[in-house]
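# Report on the structure
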Amino acid sequence: LRLAMSKGNKIVVKDYLDGDEFDLSLQSLTNSTLPVKEIAAIKKGKKLDLSKNQITLLPDNFVWSMGHLVKLDLSANGLKELPDNFGNLSLLQHLDLFNNKLTSLPVGFYKLKLLKWLDLKENPLEYPGQDTVALSERQRV
């Protein structure tokens, strides 16, 4: 395991890249310290591990910046919701959302057509209401 150096409080993201995988787990990252721009700038990083941090909401620019990801681990963060455009991460094949605080999934979640592995255990998910189901049906047309 390689330890990465940081400049002040900022993480040097490239130091956390091993092959095509970023391992930023256990870094005490929060909504405001998540280095989205820095991660997005290194396109060869196709796998991103953000597990065991303190991210409760993903920043607005997360989805459009991370469209190149095929694997994303957001487990054990306390995420309360996913952005409405989360389904635009269309290359995702592996998604780990284990042990968060998600009560629902965004309507566009069905767009993750390449998804082969999904973990939603230990989330207080609620059965979707009729409004959500109706909206999802309209979007498919």
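The structure under discussion appears in the preceding block.
Report follows, based on the coordinates. (Residues numbered from 1 in each chain as written. Predicted model: local features only at pLDDT ≥ 70, side-chain atom pairs only at ≥ 80, totals over all residues. Heavy atoms only, no water.)

Assigned secondary structure in the protein chain consists of 3 helices and 8 strands. When the 141 residues of the protein chain are sorted by exposure, 40% land in the buried category. Restricting the contact set of the protein chain to residue pairs at least 6 apart, pairs at least 24 apart contribute 44%. Of the accessible surface of the protein chain, which amounts to about 8500 Å², a share of 52% is contributed by carbon and sulfur atoms. (Helix = DSSP H or I, 4+ residues; strand = E, 2+ residues; numbered from the N terminus. Buried < 20%, exposed > 50% of the residue type's maximum accessible area, 1.4 Å probe, protein only. Contact = heavy atoms within 4.5 Å. Areas by Shrake-Rupley, 256 points an atom, 1.4 Å probe, with all protein chains shown as cover.)

What follows covers the pattern of salt bridges. Summed over all chains, the structure comprises 2 salt bridges. The salt bridge involving K47 is made with D20; its shortest N-O contact spans 3.9 Å. Here K47, found in strand β5 (residues 47-49), pairs with D20, found in the loop between β3 (17-18) and β4 (21-23); they are 27 residues apart in sequence, far enough to count as distant. D20 sits in the partly exposed class, given a relative accessible area of 31%. As a salt-bridge pair, D119 and K121 come within 3.2 Å of each other at their nearest N and O atoms. (Salt bridge = Lys/Arg side-chain N within 4 Å of Asp/Glu carboxyl O.)

What the 6 strands build is an open sheet, ordered β3-β4-β5-β6-β7-β8; its pairing is mixed. Unpaired on one side and paired on the other, β3 and β8 (117-119) mark the two borders of the sheet. As defined by bridge partners, strand β7 (residues 94-96) adjoins β8 across 3 bridges and the pair is classed as parallel. Directly across from D96, in β8, lies its bridge partner D119. (Pairing = 2+ DSSP bridges.)

Formed by 31 residues in total, the largest nonpolar core has its most connected members in L48, F62, L72 and F86. At the level of secondary structure, the elements contributing two or more residues to this core comprise α1 (36-41) and α2 (62-65). Considering each element in turn, this core owes the most residues, 3 residues, to α1. If sequence neighbours within four positions are ignored, L72 has contacts with L48, F62, F86, L89, L92, H94, L95 and D96. (Core = buried A, V, L, I, M, F, W, Y, C linked by side-chain atoms within 4.5 Å.)

Take the side chain of D119 next. Take D119: it is sitting in strand β8. Judged by its relative accessible area of 8%, D119 is buried. Leave out the neighbours within four places in its chain, and D119 touches L95, D96, L97 and F98.

In this section: unusual backbone geometry. Glycine aside, residues mostly have negative phi angles, and peptide bonds mostly take the trans form. Look at L26: it is not a glycine, yet its phi comes out positive at around 55°. Along the chain, L26 falls in the loop between β4 and α1. A positive phi angle is found at A76, which is not glycine, with a value near 55°. Secondary-structure assignment places A76 in the loop between β6 (71-73) and β7. For A76, a relative accessible area of 25% corresponds to the partly exposed category.

To continue, consider the environment of L79. Its location among the elements puts L79 in the loop between β6 and β7. Classification of L79 as buried rests on a relative accessible area of 0%.

Relative to the helices and strands, S51 resides in the loop between β5 and α2. Among the polar contacts made by the side chain of S51, one reaches the side chain of D49 at a distance of 2.7 Å. In contact with S51, other than residues within four places in its own chain, are S25, L26, D73, S75 and N77. (Polar contact = N/O pair within 3.5 Å; in protein donor to acceptor, adjacent residues only side chain to side chain.)

Purely spatial values, then, with no claim about function.
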